[in-house]
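Coordinates in review
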Amino acid sequence: MRKALGLVLSLSLAASSLEAQAEITAIMETSAGVIELSLDDAKAPISVANFIEYARSGYYDGLVFHRVIPRFMIQGGGMDAAMKPRQTRAPIKNESDNGLSNVRGTIAMARTRDPDSATSQFFINSVDNLSLDGAAGRPGYTVFGRVTAGLEVVDQISATPTTTQAPFRDVPKTPILINRVTISD
């Protein structure tokens with residue numbers, strides 16, 4: 001009886017642990033197709049919470065991928081099709097020391113030179129960009145998830161012809177809209 005009770009308790013604790021580690025999925029519907037993301041709130045809790053809050057508020061709806069650099073990354077989450085920014089919330093703390101690397105298909109927080117300046121903008125790495133990872137004494141760019149479906153959409157966006165819309169460079173000639181980002185957890 002004690003063995004059976006112990007087994008039930010062990011299975012219950014294991015199930016609770018699995019629930020706590022359940023993946024958070026983001027579905028990004030774009031004019032180029034759908035990108036599905038798995039968000040890693042265990043390793044980047046601040047960045048994931050930030051992204052979820054923006055997504056659930058509808059902030060990303062109607063914005064564009066405003067910076068596209070082939071063989072590097074695609075960036076969105078900050079500008080509309082007229083290259084006008086939306087008001088953001090306060091910046092978040094950099095979490096680039098979380099052990100996640102800027103490899104192909106990962107999503108990371110965009111920022112200025114100030115490591116703790118990330119707000120709404122993100123980028124998806126279209127190639128391995130290990131130079132964006134942090135190093136001793138040098139914060140990097142916080143990876144907070146990965147593409148689980150739709151990497152071909154990322155590649156398609158990455159190959160889009162770009163132009164300059166002063167003062168912005170690498171702007172897609174044809175806007176690539178983020179129609180909606182939905183979260184399921």
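Note that this is a predicted model, so its numbers are computed, not measured.

**Considerations on the pattern of salt bridges**
Taken as a whole and assessed by the stated rule, the structure comprises five salt bridges. A salt bridge links Glu 29 to Arg 180, with the shortest nitrogen-to-oxygen separation between them at 3.7 Å. Residue Glu 29 is found in strand 1 (residues 24-30), and its partner Arg 180 is found in strand 10 (residues 177-184); the two are separated by 151 residues along the sequence. Since its relative accessible area comes to 41%, Arg 180 is described here as partly exposed. Residue Arg 89 is joined to Glu 53 by a salt bridge in which the shortest nitrogen-to-oxygen separation is 3.4 Å. Of this pair, Arg 89 sits in the loop between strand 4 (73-79) and strand 5 (106-109) while Glu 53 is found in helix 2 (residues 45-56), placing the two residues 36 residues apart along the sequence.

**Considerations on unusual backbone geometry**
Look at the link from Ala 166 to Pro 167: it is a cis peptide, with omega at 5°. Residue position: Pro 167 is located in the loop between strand 8 (162-165) and strand 9 (168-172). Within the chain, Arg 71 stands out as a residue other than glycine whose phi angle is a positive 60°. In this fold, Arg 71 is placed in the loop between strand 3 (63-69) and strand 4. The class of Arg 71 is exposed, set by a relative accessible area of 69%. In this structure, Met 83 takes a positive phi of about 65° despite not being glycine. Note on placement: Met 83 falls in the loop between strand 4 and strand 5.

**A look at the nonpolar core**
Of all hydrophobic cores here, the largest spans 34 residues; its most connected members are Leu 39, Phe 51 and Tyr 60. In terms of residue count, the dominant contributor to this core is helix 2 (five residues). Each residue touching Phe 51, except ones within four places of it in the same chain, is listed here: Ala 26, Met 28, Leu 39, Tyr 60, Ile 107, Phe 122, Phe 144, Val 181 and Ile 183. Core analysis: the second largest hydrophobic core is formed by seven residues, Ile 69, Ala 108, Ala 110 and Val 143 among them.

**Quick word on helix 3 (residues 151-158)**
Taken together, the buried positions of helix 3 are occupied by Val 153, Val 154, Ile 157 and Ser 158. Each buried residue of helix 3 lies within a common arc of 140° when the element is viewed along its axis, so the set occupies one face. Those residues of helix 3 that are buried lie in contact with strand 1, strand 2 (33-39), strand 3, strand 4, strand 6 (122-125) and strand 7 (143-149).

**Looking at the sheet that holds strand 3**
Spatial ordering of the closed barrel is given by 1-2-7-5-6-4-3-10, a layout of eight strands whose pairing is antiparallel. With direction set aside, neighbouring strand axes in the sheet form an average angle of 35°. Strand direction decides the pairing type here: strand 4 and strand 6, joined by four bridges, are antiparallel. Along strand 6, the bridge assignment pairs Gln 75 with Phe 123. Strand contacts of helix 2: strand 1, strand 2, strand 5, strand 6, strand 7 and strand 10, with the helix running at about 115° to strand 10, the strand carrying the most contacts. Against the sheet, helix 3 makes contact with strand 1, strand 2, strand 3, strand 4, strand 6 and strand 7, and its axis sits at roughly 120° relative to strand 2, the strand it touches most.

The rules behind each value
- Residues numbered from 1 in each chain as written.
- Predicted model: local features only at pLDDT ≥ 70, side-chain atom pairs only at ≥ 80, totals over all residues.
- Heavy atoms only, no water.
- Salt bridge = Lys/Arg side-chain N within 4 Å of Asp/Glu carboxyl O.
- Helix = DSSP H or I, 4+ residues; strand = E, 2+ residues; numbered from the N terminus.
- Buried < 20%, exposed > 50% of the residue type's maximum accessible area, 1.4 Å probe, protein only.
- Core = buried A, V, L, I, M, F, W, Y, C linked by side-chain atoms within 4.5 Å.
- Contact = heavy atoms within 4.5 Å.
- Arc of directions from axis to C-beta.
- Pairing = 2+ DSSP bridges.
- Axes fitted to C-alpha atoms, helices over the stretch in contact; angles between N-to-C directions.

Distances and angles like these do not, on their own, reveal function.
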